[in-house]
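# Structural characterization, general
Listed below are the residues making up each chain.
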Amino acid sequence: MVTLQRSNRNWLRRALQILDADQMRSGETNLLRLDMPALPGIAVYFKDESTHPTGSLKHRLARSLFTYGLCNGWIGPGTTVIESSSGSTAVSEAYFAHLLGLKFVAVMPRTTSPEKIAAIRLYGGDCHFVDDPTTVYEVSATLARELHGHYMDQFTFAERATDWRRANIAEAMFAQLANEEHRIPRWIVCSAGTGGTATTVGRHIRYKSYETRLCLADPEASVFHRHCVDPKVTSVKGASLIEGIGRPRVEPSFLPQEIDLVVPVEDAASVAAARVLSRHLGKSCGGSTGTNFWAVVKLAREMHAAGESGSIVTLLCDSGERYRSTYYDDAWVRDHGLDLAPYEAELESCFAHASVAPANRQAVAAE
Ligand SMILES: *Cc1c(COP(=O)(O)O)cnc(C)c1O
């Protein structure tokens, strides 16, 4: 007989209790409703992920990844956790590492917003910067070996650390629509960074046999939407300005077969949409929420033109407060060559009153 070295069970039990306690304190996030006067009969809902303790949808992912790492025996007392992250995931993981008393190092592009870097440091996390964003994976893996730590690897494990059957964001969305006029949305719109959220939502829709279809809102410069159309395309050069979403390589957690429709979105459209939405929702939204909203409006217009009514659900991924010095700074927008005006005008028209639904037009004309 050989007794194998096992992780410290008492520590593990306590660690899992700490994660559970955080979930208890947090509760479910709000589903905010938006009505656009020019598109009557179409209700749009935003799952407001900005209200998590760490301010984004990555709070869910980080909790799942820590739970997975603990239960796999990859994380124990004294394990340094390393992650490749453009910011939001690192903020949430730094928070959980701090709760568990573990060291945390984020490997990120040097261009990451100062607000996010400050948030990681607030939770006691270290930042390791790289000049070439494509090297974050190998740098993280190397650092993990050198520090005898654990490379969390969100891009690989997002898809399997989250339970797509129950107790996930998709189940919550459907539950929160229970008393709405259109309880089963026509569309759920997701953007993809790891692809984990889209994959969880897509799997849950199939698991429950809902009629809902899944739309991917993806930055024009990203590989995901190209890969959905042509599976041979697995990487692209160049990068989008929208933090958290759009990738130069197809991530393992992104499953194209879950996607029913892709909408490529220009960066200027995303930024304009974030600004317009923030005004009308009365909540400041980040860039990826703008990307989502641009696709939502496209779908809502199509439904309206076809005389249909129904609901569309998407995510408010994080708050615009994190992007005061970027998307909400006119000088930054100008320096990056973005012309928001045409996109803003197009979006604002959705909020103009006195439009008559096509289905009612004849009736009005006949009066
Ligand atoms: C990560 C992220 C997304 C996309 O979520 P995934 O589940 O990783 O695909 C969208 N918006 C923001 C701000 C993010 O950080």
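Next up on the list: the environment of P109. With respect to the secondary-structure elements, P109 resides in strand β4 (residues 104-109). Taking relative accessible area as the criterion, P109 reaches 14% and is therefore assigned buried. In this structure, the C-alpha to C-alpha distance between P109 and F129, residues 20 residues apart in sequence, is 5.6 Å.

Of all hydrophobic cores here, the largest spans 43 residues; its most connected members are L34, M36, F46, F293 and I312. Residues in contact with M36, not counting those within four places in the same chain, are V44, F293, V297, A300, C350 and F351. Core analysis: the next-biggest nonpolar cluster, separate from the first, contains 32 residues, A15, V91, Y123 and M152 among them.

Let us look at the sheet that holds β4. One open sheet accounts for 4 strands, arranged β5-β4-β3-β6; its pairing is parallel. At either end of the open sheet lies a strand with only one pairing partner, and these are β5 (126-130) and β6 (150-151). As judged from the 2 bridges shared by strand β3 (residues 81-84) and β6, these two strands associate in the parallel manner. Bridge pairing links V81 to H150 in β6. Across the sheet, helix α4 (residues 114-122) lies against β4 and β5, angled at about 145 degrees from β5, the strand it touches most.

Taken together, 15 residues surround the ligand, and among them K58, G193, T194, T197 and S288 come closest. The separation between an oxygen atom of the ligand and a polar main-chain atom of G193 is 2.7 Å. Taking S288, its side chain carries an N or O atom lying 2.7 Å from a nitrogen atom of the ligand. Residues of the shell around the ligand, tallied by class, amount to 4 nonpolar, 9 polar and 2 charged.

Attention now moves to the pairing of strand β10 (residues 310-316). Most of β10 is tucked away: 7 of the 7 residues are buried. Examined bridge by bridge, strand β7 (residues 187-190) and β10 share 3 bridges and lie parallel to one another. Bridge pairing in β10 places W187 opposite I312.

Scoring rules and cut-offs
Residues numbered from 1 in each chain as written. Predicted model: local features only at pLDDT ≥ 70, side-chain atom pairs only at ≥ 80, totals over all residues. Heavy atoms only, no water. Helix = DSSP H or I, 4+ residues; strand = E, 2+ residues; numbered from the N terminus. Buried < 20%, exposed > 50% of the residue type's maximum accessible area, 1.4 Å probe, protein only. Core = buried A, V, L, I, M, F, W, Y, C linked by side-chain atoms within 4.5 Å. Contact = heavy atoms within 4.5 Å. Pairing = 2+ DSSP bridges. Axes fitted to C-alpha atoms, helices over the stretch in contact; angles between N-to-C directions. Near = heavy atom within 4 Å. Polar contact = N/O pair within 3.5 Å; in protein donor to acceptor, adjacent residues only side chain to side chain. Nonpolar A, V, L, I, M, F, W, Y, C, P; charged D, E, K, R; others polar.

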